[in-house]
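A structural walkthrough
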Amino acid sequence: MSGPQNATLSGDGFRFYRWQEVGSEETFDLLSVTSIRKLCGEGYGLVNWKLNNVIDTVMGTVKRPAIGKRGKPLKDKYVYVREPGMSEFVKRYLDLDSESAEEGTDALRKWVKESADEPRNIAARRGTIVHAAIEKNLAWDRIERPWVETEFMQLSARDRASAKKGVTDEDVEFIQHAVHQYWDMRNEVPFVIIAREPQVFNLALGYGGSADTIIWFLPKGTDIRSVPKANLITLADVERIGGFLAVGDWKTSKGVFTDHV
């Protein structure tokens, strides 16, 4: 994925946002909120999930819902199914060239290490494309494979390379459903998007970050056509009409977690 503006990634994958003082050439590189959270230590559940991903990569297993006696998936029950044939790891391991074993081993270790985040990388790629659809006000029923593949090509080379199967039918279907949810919210909840991709900096505490939107949630029953256009809205308008301002972040995960907050 392409990163936010004013942001850079270190070699260890930590993101920094650059702040420049107004009227000065002095700059500050501030760690992102998510990088700080990562440096402080990841929770047991996330670490355990990553370890299971590595084990699946080595053993060639896939987590599937357990099926009950009536042939239906059991709620919150899963089994690990071994894929037919040798796992991709075993194939790569056996293909190591003895003359360049050190180089090949390093590459294989890197590949296995990256597999720890692979399911989350899939979710992140999908999330980025969902964000693009929302930003472009694309109707959910206009989302088809050619458009998804075009957006996929806008991702970074690293993210495209990590998508070993490219764009799948499951990716397209997921993105369609997620954008459908967004438009359902727009129909049911009156709100105006005032800004997209705003950035925030806290020089006192030393962090930077970005959100997806600043949103004005209107009072219930308000006709959205009666409010000024987004680029003309002032605080006086908000105080006159009512409702409240909020920082918005579009999430495509199954739930909202404390880390998101």
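This text gives an overview of the structure that appears in the document. (Residues numbered from 1 in each chain as written. Predicted model: local features only at pLDDT ≥ 70, side-chain atom pairs only at ≥ 80, totals over all residues. Heavy atoms only, no water.)

A short note on the environment of Thr8
With respect to the element layout, Thr8 can be found in strand 1 (residues 7-9). Residue class for Thr8 comes out partly exposed when judged on its relative accessible area of 46%. Along the backbone, Thr8 and Pro73 are 65 residues apart, and their C-alpha atoms lie at a distance of 43 Å. Apart from residues lying up to four places away in sequence, Thr8 is in contact with Phe14, Arg15 and Phe16. (Helix = DSSP H or I, 4+ residues; strand = E, 2+ residues; numbered from the N terminus. Buried < 20%, exposed > 50% of the residue type's maximum accessible area, 1.4 Å probe, protein only. Contact = heavy atoms within 4.5 Å.)

With respect to the packing of aromatic side chains
Evaluated as defined, the whole model comprises seven aromatic pairs. Judged by centre distance (5.7 Å) and plane angle (50°), the ring pair of Phe191 and Phe217 falls under tilted. Of the two residues, Phe191 sits in strand 6 (residues 191-196) while Phe217 sits in strand 9 (residues 213-217), which places them 26 residues apart along the sequence. The same class applies to Phe191 and to Phe217, which are both buried. Cluster of aromatic residues (ring-pair linked, three or more members): Tyr17, Trp19 and Phe201. When the ring centre of Phe174 is taken as reference, the NZ or CZ atom of Arg126 above it lies at 5.1 Å. (Phe/Tyr/Trp six-rings, centres within 6.5 Å; stacked < 30°, edge-to-face > 60°. Lys NZ or Arg CZ within 6 Å of the ring centre and 35° of its normal.)

Notes on the pairing of strand 2 (residues 15-20)
Both faces of the sheet carry side chains from a regular strand, because those side chains alternate between them. Pairing geometry for strand 1 and strand 2, over three bridges, is antiparallel. Bridge pairing links Leu9 to Arg15 in strand 2. Note that strand 2 and strand 3 (residues 27-32) share five bridges and pair antiparallel. Counterpart to Phe16 in the pairing with strand 3 is Leu31. Hairpin connection, strand 2 to strand 3: the antiparallel pair is bridged by six residues, and Gly23 has positive phi, about 75°. (Pairing = 2+ DSSP bridges.)

Points about the nonpolar core
Residues Ile143, Trp147, Val148, Ile175, Phe191 and Trp250 are the most contacted members of the largest nonpolar core, which totals 23 residues. If you list the elements that add at least two residues to this core, you get helix 5 (118-135), helix 6 (145-152), helix 8 (169-188), strand 6 and strand 9. Within the second largest apolar cluster, six residues are counted, among which are Val192, Trp216, Leu218 and Ile233. (Core = buried A, V, L, I, M, F, W, Y, C linked by side-chain atoms within 4.5 Å.)

Some thoughts on the sheet that holds strand 7 (residues 199-202)
Taken in spatial order, the five strands line up as 1-2-3-8-7 in an open sheet, and their pairing is mixed. The sheet is open, and its two edges are formed by strand 1 and strand 7, each paired on a single side. Averaged over all adjacent pairs, the angle separating strand axes in this sheet is 35°, with direction ignored. (Axes fitted to C-alpha atoms, helices over the stretch in contact; angles between N-to-C directions.)

Let's talk about a positive patch on the surface
Side chains of Lys38, Arg109, Lys110, Lys113 and Arg158 sit close together on the surface and give a patch of like positive charge. Here the positive patch gets three residues from one element, more than from any other, and that element is helix 4 (residues 101-114). Along the chain, the position of Lys110 falls in helix 4. Assessed through its relative accessible area of 53%, Lys110 is described here as exposed. (Patch = residues over 30% accessible without salt bridge, like charges linked within 9 Å, V, L, I, M, F, W, Y side chains within 5 Å. Areas by Shrake-Rupley, 256 points an atom, 1.4 Å probe, with all protein chains shown as cover. Salt bridge = Lys/Arg side-chain N within 4 Å of Asp/Glu carboxyl O. Lys, Arg positive; Asp, Glu negative; His and termini not counted. Charge placed at Lys NZ, Arg CZ, Asp CG, Glu CD.)

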